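Spelled out, the chains give:
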Amino acid sequence: MTQPILTIKNLSAGVEGREILKGINLTIRPGEVHAVMGPNGSGKSTLASILAGRDGYHITGGEVVYCGQDLLELEAEDRAREGVFLAFQYPVEIPGVNSTYFLKAAYNEIRKHRGQPEFDAVEFLKFVRERMKILEVPEDFLKRPVNHGFSGGEKKRNEIFQMAVLDPKLAILDETDSGLDIDALQIVATGVNRLKRPDNAQLVITHYQRLLNFIVPDYVHVLVDGRIVRTGGKELALELEENGYESIVHGGAVPA
Amino acid sequence: MSKSTDTIDELVKQEYKYGFYTDIETESAPPGLNEDVIRLISHKKKEPEWLLEWRLKAYRHWLTMPTPEWPMVNYPEIDYQDITYYVAPGSTSDGPKSIDDVDPKLLETYDKLGIPLHERDRLLGVAVDAVFDSVSVGTTFKKELGEKGVIFCSFSEAVQEHPELVRKYLGSVVPQTDNFYAALNSAVFTDGSFCYIPKGVRCPMELSTYFRINAAKSGQFERTLIIADEGSHVSYLEGCTAPMRDENQLHAAVVELIAMDNAEIKYSTVQNWYPGDENGVGGIYNFVTKRGICRGVNSKISWTQVETGSAITWKYPGVILQGDNSVGEFYSVALTNNCQQADTGTKMIHIGKNTRSTIISKGISAGRGQNSYRGLVKVLKNATNARNYSQCDSLLIGDKCGAHTFPYIEVKNTSTQVEHEASTSKVGEDQIFYCAQRAIAAEDAVKMIVNGYCKEVFKQLPMEFAVEAQNLLSVSLEGSVG
Ligand SMILES: Nc1ncnc2c1ncn2[C@@H]1O[C@H](COP(=O)(O)OP(=O)(O)OP(=O)(O)O)[C@@H](O)[C@H]1O
Ligand SMILES: [Mg+2]
């Protein structure tokens, strides 16, 4: 079997005095799409943040291996350079910083890391225009400051546009669907599908089964109170939609 | 403390790049301040009697003035008897004839500062007057400017060559008795730049003065006077650096701008005096009075300043809007890192009808830096339809620094519109993490965020200097958070 892109073993983590993740196990192989669902506050964003390298969490146990290396050892920027991408649940505004400039800086960091020559402004613009087609993003996204003055839905769409430019190996989408209107949802989902390749993987966090009609997962995991309490195929999402999390928590289901 | 803050904490300290000292023979007055020293300065400069009297009047008034206590800055009392008021590189005491006569050591100094003065590698499109300690060592492109009738020379030279202009305008915007430091400057000023743009002339290149403090225990007291006659246009830039020293040094300059009917003056400053070390030892006290007057109708004066250096900055470049329809602008970026303190802002005095002013101030505080915006918008009774727009933003990096805003508004005319906006924001861990997640390391992220924040001001600077200002800001931010 090929080497997994991500292996999470027994990961426990939290913030000062509080455990949020309580022993997570998850393996993601190339070409796979995994969905994580779970009630508010169950730890989904925490998991995403820890994978992306946000400061302020204590890892109390377990390990995370990304493409054969210890992910938790790497600085956040190095994880990004190695191909870990997080589409934020709440994208951050950077006033005054032009989106194209920002993306070019990001993309060139990755190119440098791969030992490739950096793109100059002209080369980058040509490249970025290509990538824009994947997402049908309006031209003015390039000119505006990063997320500044964007509507909630535009911010989410911009995240996926950045993903299209940076071409990650492991993309983590944290509730990218929330805030998108129906048309935008379809455009974003189509974009995400077009970015899917046999050698990359996607971890999609969502509350809604609807998204999973467009981005069809190979696995659905149910995260409740810091633990994956059930894992199944795409039909699990339908079951959740019908019965809610209660039935799973109290239905005596065996943790995956 | 979280990791990203630590990372910013640990950012490499980059040394102040211009901290070197040029070992050159000098001629100087004995330290201390009294009428004899003033007479000596005036004599050295072969000044006419009226100018000596002007200086003495300023001095006598200064003796009666208390040090201003109102700025939000703290520093030990300055011993004015311990300062040397006149230091000239030996070879230039008679004033330079041409750049060819300038001591090669001085030319080398300016090369090192990135301001080549030689004919062959001068900055294109920028005429430079280089002031070293108390004297101007040379002015470039004089001939080319002369062909257009533009006078651009050292102040000392202007006193000799154009005494009628100097006498007419000196002190006409900032009187000798204006304030403590202006009075001190008026008594002991040594050199500076003089510039006159004749009627209807668009100055064909940027004019700039580069101020360099070199000698220890000396002060720099320069005087700049710019007159834009009817329908003329000039863009002027000043830059400043000083060696790294443990003692504080005083820089008390006066700048006066005069714009006649339909004239426009754009004055940009990139101030990079030595800021002191990270513990606040040494650095320049930058106590400067800058004021312009829009005398004529439809005239315009625009100040842009990027203040990254100095241990203490105290300056309020202002515009007196006397002519009807005149326009005053103030764009400022003031950065305080480590132990730097800045109390800066502007004064817009609306006198004429339909006068407009715009104030954009961007304060950045990092380390233990303290940054105050202090601004006055005053609209007099006859200033019908005066407008002001002020925007004062503060950006905090880390949690040991401070930002303060003191806007004063005095309106005596009911048709006035004054708009004031203020904001305070923090370079957040969220922003830094967001950038990190996009492969951009904390150091670069902070620079990017700060540059983005200053964009409105940078775009006012002449192109070449906008790039320099950005780099300067990046360097000044190194090791910025504590
Ligand atoms: N830095 C922090 N400090 C304190 N508590 C935190 C921190 N980060 C997360 N938590 C807490 O951990 C729990 C899990 O939060 P998390 O954001 O991971 O939930 P989530 O599953 O993404 O929820 P949602 O569906 O609402 O987005 C919540 O109770 C949250 O308040
Ligand atoms: Mg969440």
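A short tour of the structure in this document, coming up. Computed from a predicted model, the values in this text were never measured in an experiment.

## As for the coordination of the magnesium ion (ligand 2)
Residue and element names in this part refer to chain A. The protein atoms that coordinate the magnesium ion (ligand 2) are Ser45 (OG) and Gln89 (OE1), at distances spanning 2.0 to 2.2 Å. Here Ser45, found in helix 1 (residues 44-52), pairs with Gln89, found in the loop between strand 6 (84-87) and strand 7 (94-98); they are 44 residues apart in sequence, far enough to count as distant. Ser45 gets classed as partly exposed once you look at its relative accessible area, which sits at 26%.

## Thoughts on the packing of helix 3 (residues 99-113) of chain A against helix 6 (residues 152-166) of chain A
Residues and elements named next belong to chain A. At a minimum axis separation of 10 Å, helix 3 and helix 6 run at an interaxial angle of 35 degrees. Considering how the two elements wind past one another, helix 3 and helix 6 form a crossing that is right-handed. When helix 3 is examined against helix 6, the residues Phe102, Leu103, Ala106, Tyr107 and Ile110 are found in contact with a partner set consisting of Phe161, Gln162, Val165 and Leu166. Taken together, the residues of the contact of helix 3 with helix 6 sort by class into eight nonpolar, one polar and no charged.

## Looking at the pattern of salt bridges
Scanning all chains against the criterion turns up 29 salt bridges over all chains. Across the pair Arg291(B) and Asp178(B) runs a salt bridge whose closest N-O atoms are separated by 2.8 Å. Of this pair, Arg291(B) sits in strand 13 (residues 283-294) while Asp178(B) sits in the loop between helix 7 (163-169) and helix 8 (180-188), placing them 113 residues apart in sequence. One network of salt bridges, in which partners are shared, links Asp78(A), Arg81(A), Glu109(A) and Lys112(A).

## Concerning the site of ligand 1
All names here are of chain A. As a matter of local geometry, ligand 1 sits amid 15 residues, with Gly41, Lys44, Ser45, Thr46 and His207 nearest to it. A distance of 3.0 Å separates an oxygen atom of ligand 1 from a polar atom in the backbone of Gly43. Residue Thr46 places a side-chain N or O atom 2.5 Å away from an oxygen atom belonging to ligand 1. Protein chains bury 64% of the 640 Å² of accessible surface belonging to ligand 1 in isolation. Split into classes, the residues belonging to the shell around ligand 1 amount to four nonpolar, eight polar and three charged.

## Brief notes about the interface of chain B and chain A
Opposite the 20 residues of chain B that make contact, chain A presents 34 residues. Across the chain B/chain A interface, buried area totals approximately 2,200 Å², and carbon plus sulfur atoms make up 63% of it. Contact with chain A buries area across many residues of chain B, yet Phe433(B), Tyr434(B) and Arg438(B) alone supply 32% of it, more than any other trio. Our enumeration of links across chain B and chain A arrives at two salt bridges. Residues Arg54(A) and Asp430(B) are paired through a salt bridge, measuring 3.2 Å at the closest nitrogen-oxygen approach. Joining chain B to chain A, the criterion identifies twelve residue pairs in polar contact (both at pLDDT 80 or more). Taken together, the elements giving at least two residues each to the side of chain B that touches chain A come down to helix 1 (3-10), helix 9 (429-437) and helix 10 (442-458) of chain B.

## Some remarks on empty space enclosed by the protein
Residue and element names in this part refer to chain B. Inspection of the entire model under this criterion finds six cavities of 30 Å³ or more. In this structure, the largest cavity encloses a volume near 100 Å³. Mapped by element, the contributors of at least two residues to the lining of the largest cavity are strand 17 (327-336), strand 20 (356-365), strand 21 (370-379), strand 22 (387-396) and strand 23 (402-411). Partitioning the lining of the largest cavity into residue classes produces four nonpolar, nine polar and two charged.

## Observations concerning the packing of aromatic side chains
Here the structure, examined in full by the defined rule, presents 27 aromatic pairs over all chains. Seen in terms of ring centroids, Trp62(B) and Tyr80(B) are 5.3 Å apart; in terms of plane orientation they differ by 80 degrees. Their pairing is edge-to-face. In this pair, Trp62(B) sits in helix 3 (residues 49-62) while Tyr80(B) sits in the loop between helix 3 and strand 2 (87-89), placing the two residues 18 residues apart along the sequence. Each member of the pair, Trp62(B) as well as Tyr80(B), is classed as buried. Judged by centre distance (6.1 Å) and plane angle (75 degrees), the ring pair of Phe287(B) and Trp314(B) falls under edge-to-face. Here Trp314(B) lies in strand 15 (residues 312-315) and Phe287(B) lies in strand 13, a separation of 27 residues in the sequence. In terms of burial, Phe287(B) and Trp314(B) fall into one category: buried. Sitting above the plane of the Phe119(A) ring, Arg111(A) keeps its charged end 3.9 Å from the centroid.

Reading guide: rules and limits
Residues numbered from 1 in each chain as written. Chains lettered and ligands numbered in written order. Predicted model: local features only at pLDDT ≥ 70, side-chain atom pairs only at ≥ 80, totals over all residues. Heavy atoms only, no water. Donors = N, O, S within 2.8 Å, 3.2 Å for Na, K, Ca; no water. Helix = DSSP H or I, 4+ residues; strand = E, 2+ residues; numbered from the N terminus. Buried < 20%, exposed > 50% of the residue type's maximum accessible area, 1.4 Å probe, protein only. Axes fitted to C-alpha atoms, helices over the stretch in contact; angles between N-to-C directions. Left-handed = near helix turned anticlockwise from the far one by under 90°. Contact = heavy atoms within 4.5 Å. Nonpolar A, V, L, I, M, F, W, Y, C, P; charged D, E, K, R; others polar. Salt bridge = Lys/Arg side-chain N within 4 Å of Asp/Glu carboxyl O. Near = heavy atom within 4 Å. Polar contact = N/O pair within 3.5 Å; in protein donor to acceptor, adjacent residues only side chain to side chain. Areas by Shrake-Rupley, 256 points an atom, 1.4 Å probe, with all protein chains shown as cover. Buried area = accessible area lost by both parts, 1.4 Å probe. 1 Å grid on protein atoms, 1.4 Å probe; cavity = no way out; pocket = protein on both sides within 12 Å on 5 of 7 lines; lining within 4 Å. Points joined across faces, edges and corners; volume = space filled by probe spheres on them. Phe/Tyr/Trp six-rings, centres within 6.5 Å; stacked < 30°, edge-to-face > 60°. Lys NZ or Arg CZ within 6 Å of the ring centre and 35° of its normal.

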